[in-house]
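Below are the chains, spelled out letter by letter.
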Amino acid sequence: MSIDKEKLLLSYLMADSVLFTKVNPILEVKYWSPELKSSVAFIKTYFDTYKGLPSPAQLYAEHGLVLPEVKNIPSEVRYAEVELETFCRDKAIEHAIYASVDLLKDGK
């Protein structure tokens, strides 16, 4: 997945707290591109601490990240939900495959 698509997905997460709440349990920092990991960690920590999402200005001030602007159009929110679920599932499988190599080397 391209960095631009990852940024778009982050934009949807930042624009809709209901969407963020839905996908937060499966949203792992390790799934994201290296350039975005600290921003995703910040968003998750902020949400856990303040029970809301940071503003784009806060994200920029903390991490220098500017995300594309999105609207809360129902079809786009549904698209984002499906894409985020697919992204997290695919990344979880990818990480499991990489971890299995070490387990196979250890004879487990």
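Residues numbered from 1 in each chain as written. Predicted model: local features only at pLDDT ≥ 70, side-chain atom pairs only at ≥ 80, totals over all residues. Heavy atoms only, no water.

Colleague: Can you walk me through a nonpolar patch on the surface in this structure?
Modeller: A cluster of nonpolar side chains, I93, I97 and Y98, forms an exposed patch at the surface whose accessible area comes to about 330 Å². Mapped onto the elements, I97 comes out in helix α5 (residues 74–105). On the basis of relative accessibility, which here comes to 49%, the residue I97 falls in the partly exposed class. (Patch = residues over 30% accessible without salt bridge, like charges linked within 9 Å, V, L, I, M, F, W, Y side chains within 5 Å. Areas by Shrake-Rupley, 256 points an atom, 1.4 Å probe, with all protein chains shown as cover. Salt bridge = Lys/Arg side-chain N within 4 Å of Asp/Glu carboxyl O. Helix = DSSP H or I, 4+ residues; strand = E, 2+ residues; numbered from the N terminus. Buried < 20%, exposed > 50% of the residue type's maximum accessible area, 1.4 Å probe, protein only.)

Colleague: Help me understand the confidence of the model for the protein in this model?
Modeller: Segments scoring low in pLDDT should not have their predicted coordinates read at a detailed level. Mean pLDDT over the protein stands at 92; residues scoring 70 or higher make up 99%. Across the protein, helix α3 (residues 34–50) holds the top mean pLDDT of 97, while α5 sits lowest at 87. (pLDDT = per-residue confidence, 0-100.)

Colleague: Would you take a moment to explain the nonpolar core for this structure?
Modeller: Side chains of nonpolar character tend, in soluble globular proteins, to be buried together. The biggest cluster of nonpolar side chains holds 25 residues, and the ones touching the most others in it are L10, L13, L19, F20, W32, I43 and L84. For this core, the secondary structure elements donating two or more residues are α1 (3–15), α2 (17–23), α3 and α5. Per-element accounting of this core gives the leading share, six residues, to α3. What L13 contacts, discounting residues up to four positions off in sequence, is L19, F20, V23, L27, W32, L53 and L84. (Core = buried A, V, L, I, M, F, W, Y, C linked by side-chain atoms within 4.5 Å. Contact = heavy atoms within 4.5 Å.)

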